[in-house]
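# Survey of secondary and tertiary structure
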Amino acid sequence: MSHASVRTEIPAHPLDNPAYAALAGPHARFAEGRGRVLRYETDVSPWLGLPVEPDAADWADLAALVGPGAEVALPGVRATLPESWEITFDVPGVQLVDESLDARHDEEAVPLGAADVPEMLALVERTRPGPFLARTVELGTYLGIRREGRLIAMAGERLHPPGWTEISAVCTDEDFRGQGLGTRLIRAVAAGIRERDETPFLHTAAANTGAIRLYESLGFRVRRDARFVGARVPEDPSVSLS
């Protein structure tokens with residue numbers, strides 16, 4: 001963690017600000033921070049955590065932490081960004097929580113680790129499930145399904161607010177879709193989460209209505225809307241708050 005003083009602010013409910021709650025709690029070992037701002041180490045995850053209601057000092061600390069011109073990914077941020085910050089993406093999403101999922105282990109699902117990262121990165125490149133970096137596998141359990149030695153599907157754990165674990169990176173190679181592999185992996189990852197007395201949750205884009213229907217059919221329910229924002233810090237730090 002950065003040597004600058006860090007003051008965490010836990011949200012009223014962990015899922016109201018899940019990245020921040022994870023970085024201030026179970027994922028603190030991956031955190032770098034300044035003031036009340038936290039982020040994952042850059043080779044672990046691009047996500048960054050801000051307090052629910054960031055003030056001018058928080059935006060200044062964020063700018064100082066990442067540097068002029070840097071792009072930051074702000075999951076769950078509902079606050080208005082400073083006018084001088086360029087928004088690079090703004091994706092409406094939904095957050096779903098496990099209510100009646102039939103979680104079960106799967107004999108074909110095998111644990112994935114550091115040695116599997118090249119294959120995992122290649123699968124992510126082909127399928128685009130969302131951010132996955134060289135050390136993302138360290139965030140939690142990742143499971144994969146292989147056919148003839150080839151990794152064709154995977155899913156794993158990402159954000160980890162207290163009491164909750166996000167299921168993420170659910171993806172299947174195009175040649176093997178339609179066989180229910182993603183569903184099997186979601187159930188298998190969820191089984192491990194449940195064994196820790198934690199509750200699975202996940203995010204998806206609001207426009208991805210097919211995925212939402214699938215998750216609801218599996219036993220998830222929509223808890224709230226979510227917003228995934230990317231922004232670029234101004235090149236001139238003196239205008240970062242204007």
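Now for a quick tour of the structure. Just so we're clear, the structure is a prediction, and the values are computed from it rather than from any experiment. (Residues numbered from 1 in each chain as written. Predicted model: local features only at pLDDT ≥ 70, side-chain atom pairs only at ≥ 80, totals over all residues. Heavy atoms only, no water.)

### Looking at helix α3 (residues 117-127)
So the rule is basically this: Only protein chains enter the accessibility calculation, which uses a 1.4 Å probe; a residue whose area is less than 20% of its type maximum is buried, one above 50% is exposed, and one in between is partly exposed. Here a strand is any run of E in DSSP of at least two residues, a helix any run of H or I of at least four, and the numbering for each starts at the N terminus. Along the arc lie the directions from the helix axis toward the C-beta atoms. It only takes one pair of heavy atoms within 4.5 Å for two residues to be counted as in contact.
Those residues of α3 not exposed but buried are V117, M120, L123, V124 and T127. Taken down its axis, α3 places every buried residue within 120° of arc, on the same side. Buried residues along α3 sit against β6 (110-112), β7 (142-147), β8 (150-157) and β9 (164-172). Directly after α3, the chain includes R128, whose backbone phi takes a positive value near 55°.

### Quick look at the side chain of S168
What counts, and what does not: Polar contacts, as used here, are pairs of N or O atoms within 3.5 Å; protein pairs need one atom able to donate a hydrogen and one able to accept it. Residues neighboring in sequence count only if both atoms are side-chain atoms.
Structurally, S168 is set in strand β9. The exposure class of S168 is buried, given its relative accessible area of 10%. Reaching out from S168, the side chain makes a polar contact with the side chain of R158 at a distance of 3.5 Å. Those residues in contact with S168, other than ones at most four positions away along the chain, are A155, G156 and R158.

### Concerning the sheet that holds β6
Threshold: Each pair of strands is called paired provided DSSP finds at least two bridges between the two strands. Only the stretch in contact is used when a helix axis is fitted, and all axes are lines through C-alpha atoms; the angle between N-to-C directions ranges over 0 to 180 degrees.
The strand order across the open sheet built from 8 strands is β4-β11-β5-β10-β9-β8-β7-β6, with neighbouring strands paired in mixed fashion. Each edge of the open sheet carries a strand with a single partner, namely β4 (71-75) and β6. Across the sheet, the axes of successive neighbouring strands diverge by a mean angle of 30°, strand direction being ignored. As paired strands, β4 and strand β11 (residues 220-232) are joined by 5 bridges and run antiparallel to one another. The partner of V72 across the bridge, within β11, is A231.

### Overview of the sheet that holds strand β1 (residues 31-34)
Adjacent strands of a sheet pair through backbone hydrogen bonds, lying either parallel or antiparallel. Strands sit in the order β1-β2-β3 across an open sheet of 3 strands; the sheet is antiparallel. A strand with exactly one partner marks an edge of an open sheet, and here the two such strands are β1 and β3 (48-49). This element, helix α2 (residues 56-66), spans β1, β2 (37-40) and β3 of the sheet and lies at about 35° to β2.

### What to know about the packing of aromatic side chains
Convention followed: Each Phe, Tyr or Trp ring (for Trp, its six-membered ring) is paired with any other whose centre lies within 6.5 Å, and the angle between the two planes then decides the class: stacked below 30 degrees, edge-to-face above 60, tilted in between.
In this structure the tally under the stated criterion is 5 aromatic pairs. With 6.5 Å between their ring centres and 85° between their planes, W164 and F201 make a pair best called edge-to-face. Taken together, the residues W164 in strand β9 and F201 in strand β10 (residues 199-205) connect sequence positions 37 residues apart. With respect to burial, W164 and F201 carry one shared label: buried. When the centroid spacing of 6.1 Å and the interplanar angle of 70° are considered together, the rings of Y215 and F220 count as edge-to-face. The exposure class of Y215 is buried, given its relative accessible area of 12%.

### Examining the pattern of salt bridges
In plain terms, the rule: For this document, the term salt bridge refers to a Lys or Arg side-chain nitrogen within 4 Å of an Asp or Glu carboxyl oxygen.
Tallied over the entire structure, the rule returns 27 salt bridges. The structure contains a network of salt bridges with shared partners spanning E41, D43, R135 and E138.

### Description of the environment of G149
With respect to the helices and strands, G149 occurs in the loop between β7 and β8. For the pair G149 and G230, spaced 81 residues apart in sequence, the C-alpha to C-alpha distance is 37 Å.

### Some words on the pairing of β8
Of all 8 residues in β8, 7 are buried, a share of seventy percent or more. Pairing between β7 and β8: 6 bridges, direction antiparallel. Bridge assignment links R147 to a residue of β8, and that residue is R150. The hairpin turn running from β7 into β8, its antiparallel successor, is 2 residues long, and E148 in that turn takes a positive phi close to 50°. Sheet analysis places β8 next to β9, joined by 4 bridges and oriented antiparallel. Within the sheet, the bridge partner assigned to A153 lies in β9 and is T172. Between β8 and β9, which pair antiparallel and follow one another directly, the connecting turn spans 6 residues, one of which, G163, has a positive phi of 85°.

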